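# Chains, contacts and geometry: an overview
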Amino acid sequence: MKFSAQEEFGLRCLLQIARQESMTIPQISSAEGMSEANAGKILRVLRLAGFVDSSRGQEGGYHLSRPANQILISDVLNALGGKLFDEEFCEKHAGDEGNCSHLTDCSLRHLWRTVQTSVDQALSKITLSDLAGSESAMMIQIPKTISLRN
């Protein structure tokens with residue numbers, strides 16, 4: 001399982017904005033070592049998804065559209081790249097005949113659905129605010145926040 005570059009850089013851009021309160025595309029691209037064009041593309045996705053707002057002018061830039069503790073990481077990743085598994089997955093990987101030969105009894109579908117549910121449960125408990133701290137703080141916070149048994 002891999003996360004896309006868009007998901008990784010999207011989270012990084014949001015973290016930069018959360019930590020600095022407001023940033024321009026050149027500032028974000030410089031801080032993250034990415035091109036301004038790529039930063040602009042990702043920020044457009046984040047703006048359309050409602051995570052950031054932008055303002056023009058000398059004091060302009062991007063800022064969070066709501067407090068960081070109200071932005072769920074699961075929502076951000078879904079907006080940037082979608083889910084790891086959805087029911088349409090089976091339609092895309094049906095095989096030569098256009099119909100999955102395992103349509104009625106598929107252990108793989110159950111596996112992917114279970115993985116997706118676990119990922120959703122874990123990431124829906126983590127906010128952007130949780131990630132805005134240091135790595136050592138996250139090493140303490142994440143195990144407390146995520147309990148897949150809940």
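Here goes a summary of the coordinates provided.

Glancing now at the pairing of strand β2 (residues 61-64). Taken together, the four bridges between strand β1 (residues 52-55) and β2 define a ladder with antiparallel strand orientation. Considered in β2, the bridge of Asp53 is made with His63. Linkage of β1 to β2, two consecutive antiparallel strands, is achieved through a turn of five residues, within which Gly57 is found at a positive phi near 100 degrees.

On to the nonpolar core. Counting residues in hydrophobic clusters, the biggest one holds 27 residues, and the most contacted among them are Leu14, Leu46, Leu64, Val76 and Leu128. Of all the secondary structure elements, the ones that give two or more residues to this core are α1 (5-20), α3 (36-48), β2, α4 (73-81) and α6 (107-123). If one sorts the elements of this core by residue count, α1 sits on top with six residues. Once residues within four sequence positions are removed from consideration, Leu128 is found in contact with Leu14, Leu15, Ala18, Leu64, Ala68, Ile71 and Ile73.

Bringing the side chain of Glu7 into the picture now. Checked against the element boundaries, Glu7 lands in helix α1. For Glu7, a relative accessible area of 8% puts it in the buried group. A distance of 2.7 Å separates a polar atom in the side chain of Glu7 from the backbone nitrogen of Ser4. Setting aside its immediate chain neighbours within four residues, Glu7 contacts Leu77, Leu80, Gly81 and Gly82.

A few words now on the packing of α1 against helix α2 (residues 25-32). When two helices pack together, their arrangement is given by the angle between the helix axes and by the axis-to-axis distance. Taken N-terminus to C-terminus, the directions of α1 and α2 make an angle of 115 degrees; their axes are 10 Å apart at the nearest point. α1 and α2 meet at a crossing whose hand is right-handed. Contacts between α1 and α2 involve Phe9, Arg12, Cys13, Gln16 and Ile17 from the former and Ile28, Ala31 and Glu32 from the latter. Across the contact of α1 with α2, the residue classes break down as five nonpolar, one polar and two charged.

Conventions adopted
Residues numbered from 1 in each chain as written. Predicted model: local features only at pLDDT ≥ 70, side-chain atom pairs only at ≥ 80, totals over all residues. Heavy atoms only, no water. Pairing = 2+ DSSP bridges. Helix = DSSP H or I, 4+ residues; strand = E, 2+ residues; numbered from the N terminus. Core = buried A, V, L, I, M, F, W, Y, C linked by side-chain atoms within 4.5 Å. Buried < 20%, exposed > 50% of the residue type's maximum accessible area, 1.4 Å probe, protein only. Contact = heavy atoms within 4.5 Å. Polar contact = N/O pair within 3.5 Å; in protein donor to acceptor, adjacent residues only side chain to side chain. Axes fitted to C-alpha atoms, helices over the stretch in contact; angles between N-to-C directions. Left-handed = near helix turned anticlockwise from the far one by under 90°. Nonpolar A, V, L, I, M, F, W, Y, C, P; charged D, E, K, R; others polar.

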